[in-house]
Amino acid sequence: SKLRVSLTFRIVMANPNFAWSLNLTNGLCFGQPQTQNEGVGGGIDNTADYNHTHDLIHAFNMQLNTHKKEIHHLVQSLTECNYKFAEHSESFMSSVYASLQQSINTYKTQIRSLQHELDRMTSERQQQQQQLDTAHHGKQEMARHILQFCERDLSPTQFELFVGALFEALGYTVQHNGKTHDGGIDLLVRHY
């Protein structure tokens, strides 16, 4: 609601032909000169004007007090809203912070677990690589010993029989080709 009160005061100055009319509208005063003849009959009834002015001032003060109460109530409501907003904001931020902190802790735990698993797999891979290197080295050593044995201790016929036995152990069918006029082919090896 909007308060609109308009009060008019007539102040008669030393010159009876000239008066000021003061309008009080929403607490603002505006002056306007008037001649004594405007709206004035033969004389001024001071008692009636005083009572009317007093009633208007009283009504104005009552409305002003009502508006002061409404403004005070509005300020209290805004203060309560501000307090509730701050309270809910703090509660919301606390819950969000707790949720974020829980997520961070979960991710840290998962990262530690994955790092542990990665370390374990890396260690296993290194062990397997060492085993492969050892086996490869052992195979190379064995092949070197076999070649030395074949060159040093086997005759050509024994070497032919030895190679045929190796292929048969691997699942091949081996046919010995004879000793003479074989064109250098001693074994025929087939896989069925």
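Conventions we followed
Residue indices follow the written sequence of each chain, beginning from 1 at its first position. Side-chain atom pairs in this predicted model are given and counted only at pLDDT of 80 or more, local residue features only at pLDDT of at least 70, and totals for whole chains, interfaces and linings cover all residues. Calculated side-chain values reflect all of the structure's heavy atoms, with hydrogen atoms and water omitted. Numbering of helices and strands runs from the N terminus, with a helix taken as a DSSP run of H or I at least four residues long and a strand as a DSSP run of E at least two residues long. Between buried and exposed lies partly exposed: a residue is buried under 20% and exposed over 50% of the maximum accessible area for its type, with that area taken using a 1.4 Å probe on protein chains only. Any two residues having at least one pair of non-hydrogen atoms within 4.5 Å are treated as being in contact. The predictor attaches a confidence to each residue, and that confidence, scored 0 to 100, is pLDDT. Patch building starts from residues that exceed 30% relative accessible area and form no salt bridge, then joins like charges within 9 Å and nonpolar side chains (Val, Leu, Ile, Met, Phe, Trp, Tyr) within 5 Å. The Shrake-Rupley method, run with a 1.4 Å probe, gives the accessible areas here. Residue values count only the displayed protein chains as cover. Salt bridge criterion: a side-chain nitrogen from Lys or Arg within 4 Å of a carboxyl oxygen from Asp or Glu. A helix is expected to reach a length of 1.5 Å times the quantity of its residues less one. Only the six-membered ring of Trp is used, alongside the rings of Phe and Tyr, when aromatic pairs are assigned; centres must lie within 6.5 Å, and planes under 30 degrees apart are stacked while those over 60 apart are edge-to-face, with the rest tilted.

Describing the overall build of the protein
Moving on, step 1. Scanning the protein for helices and strands turns up 2 helices and 5 strands.
Moving on, step 2. Reading the helices (α) and strands (β) of the protein from amino to carboxyl end gives β-β-β-α-α-β-β.
Moving on, step 3. When the 192 residues of the protein are sorted by exposure, 10% land in the buried category.
Moving on, step 4. Counting only contacts in the protein whose residues sit at least 6 apart along the sequence, the fraction spanning at least 24 positions is 21%.

Thoughts on the confidence of the model for the protein
Moving on, step 1. Within the protein, residue pLDDT values average 76, and 72% of them lie at 70 or more.
Moving on, step 2. Overall, residues 1–44 carries pLDDT values under 50, and its contacts beyond four positions in sequence, including any with other chains, amount to 70 contacts.

A few points about the side chain of E160
Moving on, step 1. Within the element layout of this structure, E160 appears in helix α2 (residues 156–169).
Moving on, step 2. According to the relative accessible area criterion, E160 is buried, its value standing at 16%.
Moving on, step 3. Every residue in contact with E160, bar those within four places of it in the chain, is listed here: H176, D186 and L187.

Notes on a nonpolar patch on the surface
Moving on, step 1. Taken together, the side chains of F167, L170, Y172 and V189 make up a nonpolar region of the molecular surface, amounting to roughly 340 Å² of accessible area.
Moving on, step 2. Looking at the element boundaries, L170 is found in the loop between α2 and β4 (173–176).
Moving on, step 3. For L170, a relative accessible area of 62% translates into the label exposed.

Details of the pattern of salt bridges
Pairing between side chains of opposite charge can happen when the charged atoms of each approach one another.
Moving on, step 1. Inspection of the entire model under this criterion finds 4 salt bridges.
Moving on, step 2. With its nearest N and O atoms 2.3 Å apart, the salt bridge here joins R120 to E124. Placement of the pair is R120 and E124 together in helix α1 (residues 46–153), with a separation of 4 residues, close to one helical turn.
Moving on, step 3. Here the salt bridges share partners, and the residues they tie into one network are E117, R120 and E124.

Observations regarding α2
Moving on, step 1. Spanning 14 residues, α2 covers 20 Å between terminal C-alpha atoms, matching the ideal 20 Å at 1.5 Å per step.
Moving on, step 2. Where α2 terminates, the next one or two residues include G171, which has phi positive at roughly 100°.

What to know about the packing of aromatic side chains
Moving on, step 1. For the coordinates displayed, the defined rule picks out 1 aromatic pair.
Moving on, step 2. Their ring planes at 85° and their centres at 5.6 Å tell us that F167 and Y172 sit as a pair that is edge-to-face.
Moving on, step 3. Taking relative accessible area as the criterion, F167 reaches 32% and is therefore assigned partly exposed.
Moving on, step 4. Note on Y172: relative accessible area 31%, which makes it partly exposed.

Digging into the environment of T157
Moving on, step 1. By the secondary structure assignment, T157 is in helix α2.
Moving on, step 2. For T157, a relative accessible area of 41% puts it in the partly exposed group.
Moving on, step 3. Along the sequence, T157 and D186 sit 29 residues apart, while their C-alpha atoms lie 9.1 Å from each other.

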